[in-house]
Amino acid sequence: MIAAVDIGNSNIVIGLMDEQRQVHFSGRIRTDRQKTKEEFMIELKTLLEIYHMTLDDVQGVIISSVVPGLTDVVRKGMEQLTGLNPLVVGRGIRTGIRIVTDHPASLGSDLVVDAVAATEEYSGMIAIFDMGTATTCSVVDEKRSYLGTLIMPGIKISQDALTERTSQLPYIRFEKPKHMIGKNTIESMQSGLIYGNAAMVDGLIERLEAEVGGEMTVVATGGIAGIIVPFCRKKIIYEPDLLLKGLWYIYHKNTREN
C-alpha cells in the first residue's frame, strides 16, 4: 500500500492505493496555508478514523504539491505518521514525460502527474482537463511529449466573482438547473455556470483537434469535473482518481528503477 498526497490550492487529497492501482481510500482536507505539521497530522488521523482506515500497511509515500508553503509541512507530517521518507514530485524525479514547453521547470507538478497517468492509461494524442480551483487543459502527444497547457478560471472562481462583484446575485450550490433558460436568479446562475463551462470544454476540444489535425482522447478529472462532464456533448472519459494514479506510476517508476 502506498499513500499518495496531492496538495492543491483548495484541498489536500490523500489516497491509499495497492499494488494494482486500486484506490482503497480517498479523502480531502481543506488547504490552509497557515496549517502546522501537528494540525495536518491531527486532521489526517481524524479523517482516517472516521472511515476506519489506518496507515499501518503503508510502505511508501509520494507527494505532489502546488502550494510550496505546505509541502514541507505535509512531508514532515507524513514522515512522522508513517516512519517513511516521502518522495516529492519535482526536479530529479523520473516521470517518463518529456516536457517541451518554454519553461519546463515552471510547470505545475499536478499537471505533470495528470499527464503521466493519462499516457500510461491511454494512447495517441491526449487532452487532459483538470477542473479544480482553476480549469486547466494539458496536451500530450503520442510520443509522451507534454506540448503545453491552457489555463482558465475555475467554475468556483467564476461563482465567487459573480457573488462578490454584484449586489443581487446570491451564493449558490452547483446543481443541475430545471431549465437551461433560467426562470429565476438561482436557476439562471446554475445554468450559466454549468452549461457555460460544458460548452467551453466542448468548444476547446473542437479547436484543439483542429490545431493538431485529428481526433484526441479527452480525459477529465478534478473536483468539479464530475458536475460538468455529464453536460458536455463531446466524448470525455471521467477519471476522478487520475492524479492519484499518476502518483502511483511515478512512485513505482522511481522506486523500482532504483
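Sequence positions are assigned chain by chain, starting from 1 and proceeding in written order. Local features in this predicted model are restricted to residues whose pLDDT is 70 or higher, and side-chain atom pairs enter the listing and the counts only when it is 80 or higher, whereas totals over whole chains, interfaces and linings include all residues. With hydrogens and water set aside, each side-chain value is computed from the structure's full complement of heavy atoms.

Turning our eyes to something else, we now look at the packing of helix 4 (residues 155-165) against helix 5 (residues 185-212). The N-to-C vectors of helix 4 and helix 5 enclose an angle of 150°; their axes lie 11 Å apart at closest approach. Relative to helix 5, the element helix 4 is oriented roughly antiparallel. Relative to helix 5, helix 4 is oriented so that their crossing is right-handed. Residues I155, S158, Q159, L162 and T163 of helix 4 lie in contact with helix 5, whose contacting residues are M189, L193, I194 and N197. Split into classes, the residues belonging to the contact of helix 4 with helix 5 amount to five nonpolar, four polar and no charged. Only C-alpha atoms enter the line fits that serve as axes; for helices the fit covers just the stretch in contact. Angles between N-to-C directions range over 0 to 180 degrees. Secondary structure is summarised from DSSP: a helix means a run of H or I of at least four residues, a strand means a run of E of at least two, and numbering begins at the N terminus for each. For classification, angles of less than 35 degrees are called roughly parallel, those exceeding 145 degrees roughly antiparallel, those between 65 and 115 degrees roughly perpendicular, and all remaining angles oblique. Crossings are classed by handedness, with left-handed meaning an anticlockwise turn of the near helix from the far one by less than a right angle and right-handed meaning a clockwise turn. Any two residues whose heavy atoms approach within 4.5 Å are treated as being in contact. Basically, the charged four are Asp, Glu, Lys and Arg, the nonpolar ten are Ala, Val, Leu, Ile, Met, Phe, Trp, Tyr, Cys and Pro, and anything else, Gly included, counts as polar.

Along the polypeptide, D18 turns up in the loop between strand 2 (11-17) and strand 3 (23-30). Categorising residues by exposure relies on relative accessible area from a 1.4 Å probe, with only protein chains included: less than 20% of the type maximum marks a residue as buried, more than 50% marks it as exposed, and the intermediate range marks it as partly exposed. In this count, Lys and Arg are taken as positive residues and Asp and Glu as negative ones, while His and the chain termini are left out. Basic side-chain nitrogens of Lys or Arg form a salt bridge, by our definition, when they fall within 4 Å of a carboxyl oxygen of Asp or Glu. Of the side chains with opposite charge, R21 comes closest to the buried, unpaired D18, at an N-O distance of 8.2 Å. What D18 contacts, discounting residues up to four positions off in sequence, is M1, H24 and W248.

On to the state of the cysteines, then. The disulfide definition used here is simple: a pair of cysteine sulfur atoms within 2.5 Å. Summed over all chains, the structure comprises zero disulfides. C137 takes part in no disulfide bond, and the closest cysteine sulfur to it belongs to C232, at a distance of 12 Å. By relative accessible area, C137 is classed as buried at 0%.

On to unusual backbone geometry, then. For residues besides glycine, phi is generally negative; the peptide bonds are generally trans as well. In this model, R21 sits at a positive phi of 70°, which is unusual for a non-glycine residue. Along the chain, R21 falls in the loop between strand 2 and strand 3. Although it is not a glycine, H52 adopts a positive phi angle of roughly 55°. By the secondary structure assignment, H52 is in the loop between helix 1 (37-50) and strand 4 (60-65). Residue H52 is classed as exposed on the basis of its relative accessible area of 74%.

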